[in-house]
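What the coordinates show
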Amino acid sequence: MKMIFAIVQDKDSNRLSAEFVDANVQATKLSTTGGFLKAGNTTFIIGIADERVDDVLKIIKETSHTREQFMTPPVSLDNTVGGESTYPVEVQVGGATVFVLPVEQFHRF
Amino acid sequence: MKMIFAIVQDKDSNRLSAEFVDANVQATKLSTTGGFLKAGNTTFIIGIADERVDDVLKIIKETSHTREQFMTPPVSLDNTVGGESTYPVEVQVGGATVFVLPVEQFHRF
Amino acid sequence: MKMIFAIVQDKDSNRLSAEFVDANVQATKLSTTGGFLKAGNTTFIIGIADERVDDVLKIIKETSHTREQFMTPPVSLDNTVGGESTYPVEVQVGGATVFVLPVEQFHRF
Ligand code: NI
Ligand code: NI
Ligand code: NI
């Protein structure tokens with residue numbers, strides 16, 4: 001048995017919950033505030049048999065990994081000379097920080 | 001020293017807190033959302049000397065274990081032909097998931 | 001790699017966050033309710049390389065350790081015979097409970 005702590009962005013949290021349900025992985029969700037003042041993380045606590053750790057890591061990686069995304073920035077009201085349009089910019093979203101911890105005892109009562 | 005994570009139903013959380021106080025067990029409480037979409041869990045984080053782990057497990061088991069309970073379902077407003085009464089049904093409540101983790105260092109500052 | 005759980009008083013939490021940012025320590029913040037019914041703790045989860053554990057412990061100790069502070073108690077309305085003044089009293093504030101846990105795997109995705 002291992003205990004996995006996975007810290008992901010809020011925006012990936014619902015999809016990750018759904019993937020865990022599909023894979024029959026029991027996860028408990030904590031609402032957290034994140035490293036370096038980045039607000040809005042979710043921390044999942046997962047108890048899992050040793051032989052399923054790799055499966056859980058794969059689910060987290062596929063669902064929550066860092067990726068680039070094009071976003072259209074909101075129009076600046078200060079700066080609309082001539083009505084020019086705003087251009088989409090590439091931003092980084094997602095990302096997961098994951099710890100796998102040893103467990104000495106596990107019980108369900 | 002061990003660290004115990006205990007995830008219990010919200011409905012058992014206050015009674016469990018009270019039992020920990022009685023037993024002089026220091027516990028920190030996290031509000032969590034639970035496995036398989038079951039909302040409303042509480043996670044306790046407990047730091048405890050090795051020789052008291054069994055006592056803590058016993059308290060958690062006695063206070064929070066799964067048990068059956070009879071509940072009267074709320075009257076359905078869609079379906080009250082003839083004013084028949086609703087029957088109590090047996091539901092499962094409670095239950096605890098518990099991890100005991102090894103600790104390398106423990107400090108109080 | 002180690003995982004550090006640090007439980008501190010809410011009043012020390014913002015200063016501790018700022019110190020972690022200064023020291024380039026990634027910390028995730030949980031809002032928690034504390035041992036022995038003391039409300040309003042914050043729990044930090046920190047992932048850190050082995051050789052930096054002592055630095056993190058030093059930051060937590062310096063920022064959050066128990067200390068005495070003089071506070072003027074609020075005037076009791078039941079007891080204001082003669083308009084006597086209230087005297088400042090010494091109270092204990094701060095304090096941190098810290099666990100260092102072994103980590104088997106650490107990933108960033
Ligand atoms: Ni991808
Ligand atoms: Ni019973
Ligand atoms: Ni000092």
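Up top is the structure.
What counts, and at which threshold
Residues numbered from 1 in each chain as written. Chains lettered and ligands numbered in written order. Predicted model: local features only at pLDDT ≥ 70, side-chain atom pairs only at ≥ 80, totals over all residues. Heavy atoms only, no water. Helix = DSSP H or I, 4+ residues; strand = E, 2+ residues; numbered from the N terminus. Buried < 20%, exposed > 50% of the residue type's maximum accessible area, 1.4 Å probe, protein only. Areas by Shrake-Rupley, 256 points an atom, 1.4 Å probe, with all protein chains shown as cover. Contact = heavy atoms within 4.5 Å. Buried area = accessible area lost by both parts, 1.4 Å probe. Salt bridge = Lys/Arg side-chain N within 4 Å of Asp/Glu carboxyl O. Polar contact = N/O pair within 3.5 Å; in protein donor to acceptor, adjacent residues only side chain to side chain. Pairing = 2+ DSSP bridges. Least-squares fit on C-alpha atoms with pLDDT ≥ 70 in both. Core = buried A, V, L, I, M, F, W, Y, C linked by side-chain atoms within 4.5 Å. Nonpolar A, V, L, I, M, F, W, Y, C, P; charged D, E, K, R; others polar.

**Remarks on the overall build of chain A**
Per the secondary structure count, chain A includes two helices and seven strands. The secondary structure elements of chain A, listed N-terminal to C-terminal, are β-α-β-β-α-β-β-β-β. By residue count, 42% of the 109 residues in chain A fall in the buried class. Here chain A has roughly 6000 Å² of accessible surface; of this, 50% comes from carbon and sulfur atoms.

**Side note on the interface of chain A and chain C**
On the chain C side, the residues contacting the 26 residues of chain A number 22 residues. Here chain A meets chain C over a buried area of about 2100 Å², counting both sides, of which 68% is carbon and sulfur. Viewed at the interface, chain C and chain A are joined by one salt bridge. Scanning the region where chain A abuts chain C turns up seven residue pairs in polar contact (both at pLDDT 80 or more). For the side of chain A that touches chain C, the secondary-structure elements that each account for two or more residues are strand 1 (2-9), strand 2 (27-33), helix 2 (53-64) and strand 6 (96-102) of chain A. Take the side of chain A that touches chain C: its biggest share by element is seven residues, from strand 6 of chain A. The pairing of strand 6 of chain A with strand 7 (residues 105-108) of chain C spans four bridges and is antiparallel. Bridging across to strand 7 of chain C, Val-98 of chain A finds its partner in His-107 of chain C.

**Re the relation of the copies chain C and chain B**
In summary, the two copies of the chain are related to each other by a rotation about an axis coupled with a shift along it. Expressed as a screw operation, the relation of chain C to chain B combines 0.0 Å of axial shift with a rotation of 120°, fitting to an RMSD of 0.1 Å. A rotation of that kind, with that shift, is consistent with a three-fold axis. With a heterologous cut-off of 20% or less, the 15% of interface residues of chain C that recur at the interface of chain B puts this contact in the heterologous class.

**Concerning the nonpolar core**
Ranked by internal contacts, the top residues of the largest apolar core, which has 24 residues, are Phe-5 of chain A, Phe-5 of chain B together with Phe-5 of chain C. With sequence-adjacent residues up to four places away left out, Phe-5 of chain A is seen in contact with Thr-43, Phe-44, Ile-45, Thr-97, Val-98, Phe-99 and Leu-101 of chain A, Phe-5 of chain B together with Met-3, Phe-5 and Ile-45 of chain C.

**Section: the environment of Ile-4 of chain A**
All names here are of chain A. As for its position among the elements, Ile-4 is in strand 1. Along the primary structure Ile-4 and Val-100 are separated by 96 residues, whereas in three dimensions their C-alpha atoms are 4.6 Å apart. The contacts of Ile-4, once residues within four sequence positions are left out, are Phe-44, Ile-45, Ile-46, Ile-48, Val-53, Val-56, Ile-60, Val-98, Phe-99 and Val-100.

**A look at the pattern of salt bridges**
Taken as a whole and judged by the stated rule, the model has 12 salt bridges over all chains. Between Arg-15 of chain A and Asp-12 of chain A there is a salt bridge whose closest N-O contact spans 3.9 Å. Residue Arg-15 of chain A and its partner Asp-12 of chain A are located together in helix 1 (residues 10-22), separated by three residues, close to a single helical turn. Since its relative accessible area comes to 44%, Arg-15 of chain A is described here as partly exposed. Where Lys-2 of chain C meets Asp-50 of chain C, a salt bridge forms, and the shortest distance between an N and an O atom there is 3.8 Å. In this pair, Lys-2 of chain C sits in strand 1 (residues 2-9) while Asp-50 of chain C sits in the loop between strand 3 (41-48) and helix 2 (53-64), placing the two residues 48 residues apart along the sequence. Overall, Lys-2 of chain C belongs to the buried group, its relative accessible area being 14%. Since its relative accessible area comes to 40%, Asp-50 of chain C is described here as partly exposed. Each of the salt bridges in this network shares a partner with another, and the network as a whole consists of Lys-2 and Asp-50 of chain A together with Glu-104 of chain C.

**Some words on the interface of chain C and chain B**
Each partner contributes to the interface: chain C provides 26 residues, whereas chain B provides 22 residues. For the pair chain C and chain B, the summed buried surface comes to about 2000 Å²; carbon and sulfur atoms form 67% of the total. The tally of links from chain C across to chain B stands at one salt bridge. A salt bridge links Glu-104 of chain B to Lys-2 of chain C; the nearest nitrogen and oxygen atoms lie 3.0 Å apart. For the pair chain C and chain B, the interface holds seven residue pairs in polar contact (both at pLDDT 80 or more). For the side of chain C that touches chain B, the secondary structure elements donating two or more residues are strand 1, strand 2 (27-33), helix 2 and strand 6 (96-102) of chain C. When residues of the side of chain C that touches chain B are assigned to their parent elements, the largest contribution, seven residues, is made by strand 6 of chain C. Across the side of chain C that touches chain B, the residue classes tally to 14 nonpolar, 10 polar and two charged. Here strand 2 (residues 27-33) of chain B runs beside strand 2 of chain C; their pairing, made up of two bridges, is antiparallel.

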